[in-house]
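Residue-level listing of the chains:
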Amino acid sequence: MAELKDFAEQLVNLTVKEVNELATILKDEYGIEPAAAAVAVAGPAAGGGDDSADEQTEFDVILTAAGASKLAVVKLVKELTGLGLKDAKGIVDSAPAPIKEGVTKDEAEGLKKSLEEAGAEVELK
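This write-up is about the structure you can find in this document. Quick caveat: nothing in here was measured; it's all calculated off a predicted structure.

Analysis parameters
Residues numbered from 1 in each chain as written. Predicted model: local features only at pLDDT ≥ 70, side-chain atom pairs only at ≥ 80, totals over all residues. Heavy atoms only, no water. Axes fitted to C-alpha atoms, helices over the stretch in contact; angles between N-to-C directions. Helix = DSSP H or I, 4+ residues; strand = E, 2+ residues; numbered from the N terminus. Parallel < 35°, antiparallel > 145°, perpendicular 65-115°, else oblique. Left-handed = near helix turned anticlockwise from the far one by under 90°. Contact = heavy atoms within 4.5 Å. Nonpolar A, V, L, I, M, F, W, Y, C, P; charged D, E, K, R; others polar. Salt bridge = Lys/Arg side-chain N within 4 Å of Asp/Glu carboxyl O. Buried < 20%, exposed > 50% of the residue type's maximum accessible area, 1.4 Å probe, protein only.

As a packed pair, helix H4 (residues 70–81) and helix H6 (residues 105–117) sit with axes 9 Å apart at the nearest point and diverge in direction by 155 degrees. Viewed along their axes, H4 and H6 adopt a mutual orientation that is roughly antiparallel. The element H4 and its partner H6 pack so that their crossing is right-handed. Contact residues: Leu76, Val77 and Leu80 in H4; Leu111, Ser114 and Leu115 in H6. Here the residues of the contact of H4 with H6 are counted per class, giving five nonpolar, one polar and no charged.

Put into structure tokens, the structure is as follows:
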């Protein structure tokens, strides 16, 4: 039981980059689609109460401003989205612009935290 709690703590503390790598490994090596896994995990937990039906489950991460360190934000957007440098720069230059759409709350908050640490202004919708 303690091992499972340790494992759960490790999962909760993953960075956005590590979550993306884990999703790729699950998909490529085990044939598990991360979205399906998230639904399977969220399914039993959601059955606990009536309030869960009203909660927002998908979020859009919107870059509202690049901030002072625009280059760092462009590099981070490139890394987080998998886009090329030119496309990432285009997103940053056209702020407010969506970085990712339809992501889970945890992923959205992780993206927001990473982008804010790089100096960007971010909004979740």
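Per the counting criterion, the structure on display carries four salt bridges. Note that lysine 70 is salt-bridged to aspartate 93, the shortest N-O span being 2.5 Å. Taken as a pair, lysine 70 in helix H4 and aspartate 93 in helix H5 (residues 85–93) lie far apart in primary sequence, 23 residues in all. We note a salt bridge from glutamate 123 to lysine 125, for which the minimum N-O separation is 3.4 Å. A relative accessible area of 53% means that lysine 125 is categorised as exposed.

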